[in-house]
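Below are the chains, spelled out letter by letter.
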Amino acid sequence: METLGNRIKKLREDEKMTQLELAKCLFVSDKTISKWEKDNSEPELDIIVKIGQLFHVSTDYLICGISNDISENISEN
């Protein structure tokens, strides 16, 4: 099952960012990013919104895995 942590890691890696680079953008530590990506903790909602803005994805995608592309969601059901 894909998790919030998996999605954050994939988005970060797709942008060729390190955990430290992402951490600096979000004003958290790289250890915090690592915890999120390992699903040992989750970001606060305001941080989830910032992650969505940074990577140009919806909070629905981050939290639930729902694609920004409506046609993809319809074909999955």
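In this report, the structure presented in the accompanying data block is examined. (Residues numbered from 1 in each chain as written. Predicted model: local features only at pLDDT ≥ 70, side-chain atom pairs only at ≥ 80, totals over all residues. Heavy atoms only, no water.)

So, the pattern of salt bridges
The cut-off we apply is this: Think of a salt bridge as a Lys or Arg side-chain nitrogen and an Asp or Glu carboxyl oxygen that are within 4 Å of each other. Buried, partly exposed and exposed residues are distinguished by accessible area as a fraction of the type maximum, computed with a 1.4 Å probe on protein chains only: under 20%, between the cut-offs, and over 50%, respectively.
A complete count under the given rule lists 4 salt bridges for this structure. Across the salt bridge formed by Glu13 and Arg12, the nearest N and O atoms sit 3.9 Å from each other. Judged by relative accessible area, which is 7%, Arg12 ranks as buried.

As for the environment of Arg12
Put simply, the rule reads: To qualify as a helix, a DSSP run of H or I must reach at least 4 residues; to qualify as a strand, a run of E must reach at least 2; elements of each kind are numbered from the N terminus.
Mapped onto the elements, Arg12 comes out in helix H1 (residues 4-14). Taking the C-alpha atoms as reference points, Arg12 and Phe55, 43 residues apart in sequence, are found 8.1 Å from one another.

Here we look at a nonpolar patch on the surface
Inclusion rule: Like charges are joined within 9 Å and nonpolar side chains (Val, Leu, Ile, Met, Phe, Trp, Tyr) within 5 Å, but only among residues with over 30% relative accessible area and no salt bridge; these make up the patches. Only the protein chains shown count as cover for residues, and all accessible areas are computed by the Shrake-Rupley method using a 1.4 Å probe.
Taken together, the side chains of Leu45, Val49 and Ile63 make up a nonpolar region of the molecular surface, amounting to roughly 250 Å² of accessible area. Mapped onto the fold, Ile63 is located in helix H5 (residues 59-64).

Notes on the nonpolar core
For clarity, the cut-off: Residues belong to one nonpolar core when they are buried, are Ala, Val, Leu, Ile, Met, Phe, Trp, Tyr or Cys, and are joined through side-chain atoms within 4.5 Å. Only heavy atoms matter for contacts: two residues are in contact if any of them lie within 4.5 Å across the pair.
Formed by 16 residues in total, the largest nonpolar core has its most connected members in Ile8, Leu22, Leu26, Trp36, Ile51, Phe55 and Leu62. Elements supplying a minimum of two residues to this core: H1, helix H2 (19-26), helix H3 (30-37), helix H4 (45-55) and H5. Examining the composition of this core, we find that 4 residues originate from one element, H4, more than from any other. Other than its neighbours up to four places away in sequence, Phe55 contacts Leu11, Arg12, Glu15, Met17 and Leu22.

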